[in-house]
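# Coordinates in review
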Amino acid sequence: MLKNFLNEVISIVVGKPSDSIVRLLEGDKYVNEFIIAKKLDLTINQTRNILYKISDYGLVSSIRKKDKKKGWYTYFWKIEVLKSLEFLKELTIKNITQLRNQIKSRETKGFYVCERCNIEFNEENAMLHDFTCNECGEVFTVKDNEKVIREFKKNEDKLVNKLKLIEEEITTEKARLDKIKMKELKKIEAEKLKQREEKRRIQKEAREKLKKESSKKKPSEKKSSKKKSSTLSKPKKNIKKPSKTKDKKKSKKK
Ligand SMILES: [Zn+2]
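None of these values were measured; they are calculated from a predicted model.

On to the packing of helix H5 (residues 81–108) against helix H7 (residues 145–216). Two numbers describe how H5 lies on H7: the axes approach to 9 Å, and their chain directions differ by 160 degrees. When the interaxial angle is binned, H5 and H7 end up roughly antiparallel. The handedness of the crossing between H5 and H7 comes out as left-handed.

Given below as structure tokens:
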């Protein structure tokens, strides 16, 4: 179901069937644009044009990586599943509203039709045309609204059902994303804890080393060694980063 919805959304945006794009980009990993181009059998520019079009709606996202040798950027893409589903949801709600307005108008207004040309007119326009067809001269007949309304209501039911399914997919996708986020947070926390423990271990070792050294020395030297120990046990935080200006100049020359 999810795949059908994604196919539908991307096809609407691109303007033609796009299941191959969906198949390539639906995972959680970003895909190299050159691989996408190759698999779609398109040039890289054609591929980029399609992807930019979809990204205008926020339905795909990209990251870029610089090629160290050649100096250019390569883009990597993936589908934003949640945004695509929300886009389709909005569209479906809009379609339902339109359909309901049409049903309402059918229920309250009369419609006329030229049966020969199969052209329909509302009451005002039919009156303006004097209930006669411009094209063929045939006199209009009254449209059977009941039949049209029945057809519209059938479509409305279909769309309401579809909306429900889209909302279910949105709930599922949100839960999936939450799970991934939690996993990442836990990983970060574990990493932080590891770093703190490592720092403590290094500090402890340094203190013990200094203790040993100072106990070996003569009492007269103790004072200076104590001073050293205090600077060592508390490492300075503001370590200067190496300046990058040199590198920049180099790359500009290229
Ligand atoms: Zn006609």
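There's plenty left to go through after this.
Right, let's get into the packing of aromatic side chains. In this structure the tally under the stated criterion is five aromatic pairs. In this structure an aromatic cluster arises from ring pairing among Tyr52, Tyr75 and Trp77. The ring of phenylalanine 76 carries the charged tip of lysine 65 above its face, separated from the ring centre by 4.6 Å. Residue placement shows arginine 106 over the ring face of phenylalanine 111; its charged tip is 3.9 Å from the ring centre.

Moving on to a positive patch on the surface. Among the surface-exposed residues, Lys147, Arg150, Lys154 and Lys158 lie close enough to one another that they form a single positively charged patch. Following the sequence through the fold, lysine 158 ends up in helix H7. You can call lysine 158 exposed: its relative accessible area is 58%.

So, about the nonpolar core. Among the nonpolar cores identified, the biggest contains 26 residues, and Ile10, Leu25, Ile36, Ile54 and Ile79 are the most heavily contacted of them. For this core, the elements supplying multiple residues, two or more each, are helix H1 (2–14), helix H2 (19–25), helix H3 (33–40), helix H4 (44–56), strand S3 (73–79), H5 and H7. Among the domains, domain 1 (8–79) and domain 2 (84–181) are the pair contributing at least three residues each to this core. Those residues in contact with isoleucine 79 that lie beyond four places of it in its chain are Leu6, Ile10, Val22, Leu25, Glu26, Leu59, Val60 and Ser84. Listed in part, the eight residues of the second largest apolar core include Ile96, Leu99, Leu159 and Leu163.

Another point: the pairing of strand S5 (residues 119–122). As paired strands, strand S4 (residues 111–114) and S5 are joined by four bridges and run antiparallel to one another. Counterpart to cysteine 114 in the pairing with S5 is isoleucine 119. The hairpin formed by S4 and S5 contains four residues between the paired strands, and asparagine 118 there has a positive phi angle of roughly 60 degrees.

What the rule picks out here adds up to 14 salt bridges. Between glutamate 156 and arginine 100 there is a salt bridge whose closest N-O contact spans 2.5 Å. Residue glutamate 156 is located in helix H7, and its partner arginine 100 is located in helix H5; the two are separated by 56 residues in the primary sequence. We classify arginine 100 as partly exposed; its relative accessible area is 44%. Its salt-bridge partner being glutamate 120, residue arginine 106 comes within 2.5 Å of it at the nearest N-O pair. Of the two residues, arginine 106 sits in helix H5 while glutamate 120 sits in strand S5, which places them 14 residues apart along the sequence. Classification of arginine 106 by relative accessible area gives buried; the value is 10%. Sharing partners across several salt bridges, the network here consists of Asp28, Glu173 and Arg176.

Coordination angles at a metal have ideal targets, namely 109.5 degrees for four tetrahedral donors and 90 or 180 degrees for six octahedral donors. Only Cys114 (SG), Cys117 (SG), Cys133 (SG) and Cys136 (SG) from the protein reach the zinc ion as donors, at distances of 2.2 to 2.3 Å. For the zinc ion, the four donor atoms are set out with angles of 105 to 113 degrees between them, so the coordination reads as tetrahedral. Sequence spacing of the donor residues for the zinc ion, all on one chain, is C-x2-C-x15-C-x2-C. With cysteine 117 in the loop between S4 and S5 and cysteine 133 in the loop between helix H6 (123–128) and strand S6 (141–142), the pair connects residues that are 16 residues apart, well separated along the chain.

Calculation notes
Residues numbered from 1 in each chain as written. Predicted model: local features only at pLDDT ≥ 70, side-chain atom pairs only at ≥ 80, totals over all residues. Heavy atoms only, no water. Axes fitted to C-alpha atoms, helices over the stretch in contact; angles between N-to-C directions. Helix = DSSP H or I, 4+ residues; strand = E, 2+ residues; numbered from the N terminus. Parallel < 35°, antiparallel > 145°, perpendicular 65-115°, else oblique. Left-handed = near helix turned anticlockwise from the far one by under 90°. Phe/Tyr/Trp six-rings, centres within 6.5 Å; stacked < 30°, edge-to-face > 60°. Lys NZ or Arg CZ within 6 Å of the ring centre and 35° of its normal. Patch = residues over 30% accessible without salt bridge, like charges linked within 9 Å, V, L, I, M, F, W, Y side chains within 5 Å. Areas by Shrake-Rupley, 256 points an atom, 1.4 Å probe, with all protein chains shown as cover. Salt bridge = Lys/Arg side-chain N within 4 Å of Asp/Glu carboxyl O. Lys, Arg positive; Asp, Glu negative; His and termini not counted. Charge placed at Lys NZ, Arg CZ, Asp CG, Glu CD. Buried < 20%, exposed > 50% of the residue type's maximum accessible area, 1.4 Å probe, protein only. Core = buried A, V, L, I, M, F, W, Y, C linked by side-chain atoms within 4.5 Å. Domains from an automatic or database assignment. Contact = heavy atoms within 4.5 Å. Pairing = 2+ DSSP bridges. Donors = N, O, S within 2.8 Å, 3.2 Å for Na, K, Ca; no water. Tetrahedral: all angles 85-135°; square planar, octahedral: opposite > 155°, others 65-115°.

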